[in-house]
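Residue-level structure breakdown
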Number of protein chains: 2
Amino acid sequence: MPQLRIGLAQTNTTVGDLDGNAGRVLELARQAHADGAALLALPEMALTGYPVEDLALRTSFVVASEQAAAALAKRLADTGLGELVVIVGFLDHSAESANRVGLPKGSPRDAAAVIHRGAIVTTSAKHHLPNYGVFDEFRYFLPGTTLPVLTIAGVDVALAICEDLWQDGGPVAAVRAAGAGLLLTINASPYERDKDDTRLELCARRAREAGCALAYVNQVGGQDELVFDGDSMVVGPGGELLARAPQFEETLFTVDLDLPAATGHPNDTEIDGIRVDRHVLSAEPIPAYDARAPQISARLSDHAEIWAALVTGTRDYVRKTGQRKVYLGLSGGIDSTLTAAVACDAVGAENVIGISNPSRYSTDHSVTDTEDLAARTGLELRSVPIAPLVAAYLDAVPVGGLAEENLQARVRAVVWMAMSNDDNPSIVLACGNKSELATGYSTLYGDAVGGYAPIKDIPKTLVWELARWRNAEAERRGETAPIPVHAIEKPPSAELRPGQLDTDSLPPYDVLDVVLAQYVDRDRSSAEIVADGFDRGLVERVIRMVDRAEYKRRQYPPGPKVSGKAFGRDRRLPIASRWQERAQPDR
Amino acid sequence: MPQLRIGLAQTNTTVGDLDGNAGRVLELARQAHADGAALLALPEMALTGYPVEDLALRTSFVVASEQAAAALAKRLADTGLGELVVIVGFLDHSAESANRVGLPKGSPRDAAAVIHRGAIVTTSAKHHLPNYGVFDEFRYFLPGTTLPVLTIAGVDVALAICEDLWQDGGPVAAVRAAGAGLLLTINASPYERDKDDTRLELCARRAREAGCALAYVNQVGGQDELVFDGDSMVVGPGGELLARAPQFEETLFTVDLDLPAATGHPNDTEIDGIRVDRHVLSAEPIPAYDARAPQISARLSDHAEIWAALVTGTRDYVRKTGQRKVYLGLSGGIDSTLTAAVACDAVGAENVIGISNPSRYSTDHSVTDTEDLAARTGLELRSVPIAPLVAAYLDAVPVGGLAEENLQARVRAVVWMAMSNDDNPSIVLACGNKSELATGYSTLYGDAVGGYAPIKDIPKTLVWELARWRNAEAERRGETAPIPVHAIEKPPSAELRPGQLDTDSLPPYDVLDVVLAQYVDRDRSSAEIVADGFDRGLVERVIRMVDRAEYKRRQYPPGPKVSGKAFGRDRRLPIASRWQERAQPDR
């Protein structure tokens with residue numbers, strides 16, 4: 001059997017940074033070549049970044065992407081890397097398709113470029129376009145209809161893109177009939193809790209269906225709200241795991257494979273509407289060499305991978321939007337404390353400024369727990385008491401009750417924004433968790449203020465779990481635990497009136513989070529949840545809160561998505577609706 | 001030729017209010033029956049509301065919609081309206097399709113129910129699913145594959161839904177071969193500037209292709225950000241306009257038609273993949289009667305229809321979210337002045353509270369123009385000077401420059417929110433225009449605060465035009481012009497520092513709005529705009545501002561969409577991108 005050394009590059013792409021992304025491909029190609037690889041594969045949309053949104057419909061951007069790919073091919077050859085086959089995802093357009101109502105303007109495609117000897121040998125576009133969850137690809141792309149089969153060092157390598165693996169039919173279904181020796185898929189597959197096993201199962205199943213080995217390369221890093229976790233892998237024809245790259249690490253992952261020799265199938269066959277697009281790039285097998293033992297990276301624990309997603313998302317959002325510092329309000333509660341710990345891991349404590357804003361209702365421990373957090377992590381702590389500001393407002397606008405509670409939260413937010421605006425470029429982090437977002441238990445323009453919200457997709461019970469996990473991890477490493485134990489153990493309170501507790505307004509979080517998971521994540525009805533044994537009044541109260549909170553959720557800053565059912569563009573309710581009562585834009 | 005009296009009901013639907021919407025259908029059916037109609041058609045999704053978002057993926061909601069349609073059929077028969085054929089849009093699901101990756105969960109469909117004699121005779125689903133602009137239908141619906149042809153009073157009536165008219169192929173292309181005497185289309189087609197002629201041209205073209213008359217019924221009213229304008233119409237087989245309903249008015253529009261007798265085509269034919277679904281509801285023509293002269297409503301002028309869209313959108317958002325009062329900050333400038341005039345027309349001046357927040361930088365005329373506005377319209381004016389509040393902040397957080405300018409804007413917003421929160425349920429209106437939104441010339445959590453933004457899709461130059469038009473309209477009617485002339489004529493200023501003018505930061509609005517229309521509305525590149533004769537530096541500066549302002553736009557409240565290129569979910573850029581510099585979430 002011919003041998004093939006392939007490089008799978010888990011790259012961290014910046015959306016729209018065509019020059020920077022292409023430069024990174026060139027650097028990785030140098031490494032892969034030096035390392036003896038015959039083939040280097042980069043992820044889906046590695047030249048452009050994945051969530052390009054409306055840039056896909058802007059002709060000047062599509063042209064720039066196509067030019068960047070052509071220039072990359074030339075630069076690779078000019079620097080002596082012409083023999084290396086480089087497969088890279090980018091944005092191109094279909095020259096055959098004309099604009100018409102219902103099709104994306106300019107006919108853009110989510111495509112792969114096959115680069116060899118200074119030229120783009122062929123391109124192929126994703127066939128199955130996902131349009132659920134975080135994906136909106138029918139808005140942006142035309143589907144492809146080909147299956148490229150590239151003979152590389154005497155091996156037939158078939159090529160497909162991401163969703164083509166997940167849905168039945170299309171190019172992947174044609175791989176067996178096309179007689180490929182390796183199915184290579186390039187991906188931009190976002191992290192999702194517990195998704196890793198699904199991916200391995202999927203790769204194993206498709207490898208068995210295709211009757212050949214399967215190589216899977218994925219993006220890594222944060223791109224707006226998406227967080228990619230890498231997790232590139234290779235499975236054998238029987239579905240057995242041969243190699244697996246580390247999660248959340250930018251790396252060039254090299255794998256040696258023994259693959260069947262190309263069989264010389266007829267050219268240009270068509271299989272169930274998919275045209276097989278054959279190119280012989282190098283027919284001769286590579287002379288035999290000593291293969292390296294494959295690497296199978298250990299998987300992260302559930303908590304470790306969630307933590308990595310929060311840290312990665314925060315780090316890349318801050319870095320890619322060009323911020324130097326992050327500011328956040330610190331109440332001494334567990335949400336802002338955990339957010340601060342994420343921020344310190346993401347950008348370094350020296351770039352984190354915590355602001356304590358004690359009021360007349362603040363407890364002593366809100367201050368001491370905050371000071372303890374600063375001492376443990378090394379973040380900079382500043383204190384701006386808000387009592388005189390609130391007093392000035394109540395002089396001008398005498399209000400009480402909920403209006404006064406909201407007022408305090410907003411007075412704090414104005415302070416954070418003033419400090420951040422005065423230290424440009426910097427960003428304010430919002431500290432709300434998913435349970436709060438779901439129920440609307442927060443103040444619009446108050447604690448909801450900021451440019452990024454690291455824990456917005458983390459339910460409160462998981463907030464506590466992650467806090468304990470992060471402390472245990474520190475102890476395991478012999479480091480100072482970042483999170484004051486008292487912040488984990490005390491009962492949660494917004495401290496906006498004397499003696500206030502979250503449980504005055506919400507069910508206990510262990511109950512609330514289960515009901516929310518059923519209603520929000522699983523779309524189950526109140527009747528079904530009640531049938532599980534929950535109190536009807538409680539369930540209906542929670543659902544009413546969720547439905548009414550949609551406006552607040554839409555105004556919330558972006559944050560790293562870690563569940564398949566994160567709030568955001570991909571999950572939303574109508575606002576002016578009577579399905580449940582969801583009238584109020586604010587409380 | 002048989003005669004047929006048809007009722008086209010331009011209804012104002014509330015999303016999710018199944019009981020209320022069904023009750024309205026029943027009431028309209030009573031009117032249509034009393035008026036002698038044989039057929040009553042209601043718009044697409046008239047039972048559920050059009051933008052149901054994720055409710056379409058919630059099984060309990062789909063089941064509730066199906067039950068509401070079945071109950072409506074029974075109530076119609078029970079109240080003696082069983083002989084009237086009622087065609088109404090609703091949400092149902094495909095019983096044949098199983099859930100699989102890539103298809104909407106629960107197999108929902110955007111469907112029409114044909115109700116006769118107490119039962120749903122047949123249903124059919126929209127075939128072409130739009131997924132551009134404000135539409136995301138691939139996320140939510142499965143496509144239909146049938147063309148119902150219903151014999152009603154001896155006339156064959158074919159039925160199609162909205163987008164099936166706009167795209168080629170599908171059920172509408174099968175109407176001629178199916179031999180229909182009338183093509184009835186039910187629609188949820190949002191208002192768009194200058195779209196009315198497009199609709200008439202489209203109806204005329206499809207009528208000629210189908211070789212029969214075409215009746216078009218559309219929603220009216222605001223549903224979240226969408227505003228529907230009605231504009232229902234009937235055209236003859238040659239494309240000639242026979243009847244047209246008024247824009248922006250909820251009405252039952254009745255039309256008498258002479259139509260060809262049903263020809264007895266074979267049952268259950270299939271034409272290009274579309275199954276013709278025939279049902280004879282009543283074979284006998286109606287005895288001859290004296291037809292009424294058709295009504296062809298006069299079209300509104302460009303400015304009148306835009307104004308109607310703003311007033312309709314604002315009125316319905318406020319009403320459907322259950323607010324009693326609206327609050328807005330009044331600076332004396334044209335944007336807040338025009339917004340106040342829209343609000344007074346929408347909900348009545350007695351429900352509008354304007355808040356004046358003079359600062360040390362406010363001009364005298366900012367106060368006098370505001371008082372003049374209140375006197376002209378009758379809105380309630382309250383004054384809360386902000387100098388002491390700003391002084392208290394600058395004591396606690398000494399900042400200057402842009403940070404101080406933003407601080408003032410935010411101090412005002414906290415006052416508005418406190419007053420609104422203290423008068424529950426009420427809503428704050430944001431007063432920004434499209435030119436500001438495009439360039440990011442506003443303060444996040446400052447003037448951008450609110451639950452609805454009536455003029456967010458109106459460029460500044462059009463703001464002035466509408467102000468002059470509204471005053472002229474008042475004079476035409478012999479009423480007091482609502483808008484102080486000085487507010488229209490003075491140079492625009494944010495008044496956040498001494499002598500500040502918008503032109504310190506922005507190009508003159510007559511130039512800016514043309515460049516924005518090219519870059520935002522037409523997706524043209526900087527090179528193309530420069531080639532039109534604009535200064536390169538100016539064009540690049542404007543584009544940089546637009547690209548950087550994406551975060552602020554996403555945080556802006558919803559507002560009535562009046563252009564095909566409104567900012568919002570349907571038009572957005574990646575935030576963490578280098579295509580242009582768009583790093584800052586705020587400045």
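Look up: the structure comes first, before these words.
Bear in mind that the values here come from a model prediction, so they are computed numbers and not experimental data.

1. Quick word on the relation of the copies chain A and chain B
One chain copy maps onto the other through a rotation about an axis and a shift parallel to that axis. Overlay of chain A on chain B (RMSD 0.0 Å): rotation 180°, translation along the axis 0.0 Å. Interpreted geometrically, this transformation is the action of a two-fold axis. Taking the C-alpha atom as reference, chain A places A:Gln555 closest to the rotation axis, 2.7 Å from it. Of all interface residues in chain A, 100% are interface residues in chain B too; the two copies therefore contact each other through one and the same surface.

2. So, the packing of helix α13 (residues 460–476) of chain B against helix α15 (residues 509–521) of chain B
All names here are of chain B. As a packed pair, α13 and α15 sit with axes 8 Å apart at the nearest point and diverge in direction by 115°. Counting all contacts with α13, which are made through Lys460, Thr461 and Trp464, the residues of α15 involved are Tyr509, Asp510 and Asp513. Split by residue class, the contact of α13 with α15 holds two nonpolar, one polar and three charged.

3. Looking at the packing of helix α10 (residues 387–396) of chain B against helix α11 (residues 401–421) of chain B
Residue and element names in this part refer to chain B. Where α10 contacts α11, the axes come no closer than 10 Å and their chain directions differ by 125°. One way to sum up the angle between α10 and α11 is to call them oblique. α11 is crossed by α10, and the crossing has right-handed handedness. Contacts from Leu389, Val390, Tyr393 and Leu394 in α10 reach Glu404, Leu407, Gln408, Val411 and Val415 in α11. Along the lines of polarity and charge, the residues of the contact of α10 with α11 split into seven nonpolar, one polar and one charged.

4. Here we look at the sheet that holds strand β1 (residues 3–10) of chain B
Residue and element names in this part refer to chain B. With respect to topology, six strands assemble into an open sheet ordered β5-β4-β3-β2-β1-β14, the strand pairing being mixed. Strands with a single pairing partner mark the edges of an open sheet, and in this sheet they are β5 (119–125) and β14 (251–258). Averaged over neighbouring strand pairs, the angle between their axes works out to 30° when direction is ignored. When strand β2 (residues 39–41) meets strand β3 (residues 85–93), the two strands line up parallel, connected through three bridges. Its bridge partner lying in β3, Leu40 is registered against Val86. Relative to β2, helix α1 (residues 18–34) is tilted by about 145°, and along the sheet it contacts β1, β2, β3 and β14. Packing of helix α2 (residues 59–78) onto the sheet brings it into contact with β3, β4 (108–116) and β5, and relative to β3 it is tilted by some 160°.

5. Looking at the environment of B:Ile286
All names here are of chain B. Checked against the element boundaries, Ile286 lands in the loop between β16 (274–280) and α7 (302–320). The sequence separation of Ile286 and Gly432 amounts to 146 residues, and the corresponding C-alpha distance is 56 Å. The residues touching Ile286, leaving out its near neighbours within four places in the chain, are Gln3, Leu4, Ala38 and Ala153.

6. Topic: the packing of aromatic side chains
The final tally for this structure, using the stated rule, is 18 aromatic pairs over all chains. Consider the rings of B:Tyr50 and B:Phe135, whose centres lie 6.3 Å apart with planes at 75°: the pair is edge-to-face. Of the two residues, B:Tyr50 sits in the loop between β2 and α2 while B:Phe135 sits in the loop between β5 and α3 (137–140), which places them 85 residues apart along the sequence. B:Phe135 shares its class with B:Tyr50; the two are buried. Positioned above the aromatic ring of B:Tyr519, the side-chain terminus of A:Arg58 is 3.9 Å from the ring centre. Above the plane of the ring of B:Phe567 lies B:Lys434, whose end atom (NZ or CZ) is 5.9 Å from the centre.

Cut-offs and rules
Residues numbered from 1 in each chain as written. Chains lettered and ligands numbered in written order. Predicted model: local features only at pLDDT ≥ 70, side-chain atom pairs only at ≥ 80, totals over all residues. Heavy atoms only, no water. Least-squares fit on C-alpha atoms with pLDDT ≥ 70 in both. Contact = heavy atoms within 4.5 Å. Axes fitted to C-alpha atoms, helices over the stretch in contact; angles between N-to-C directions. Helix = DSSP H or I, 4+ residues; strand = E, 2+ residues; numbered from the N terminus. Nonpolar A, V, L, I, M, F, W, Y, C, P; charged D, E, K, R; others polar. Parallel < 35°, antiparallel > 145°, perpendicular 65-115°, else oblique. Left-handed = near helix turned anticlockwise from the far one by under 90°. Pairing = 2+ DSSP bridges. Phe/Tyr/Trp six-rings, centres within 6.5 Å; stacked < 30°, edge-to-face > 60°. Buried < 20%, exposed > 50% of the residue type's maximum accessible area, 1.4 Å probe, protein only. Lys NZ or Arg CZ within 6 Å of the ring centre and 35° of its normal.

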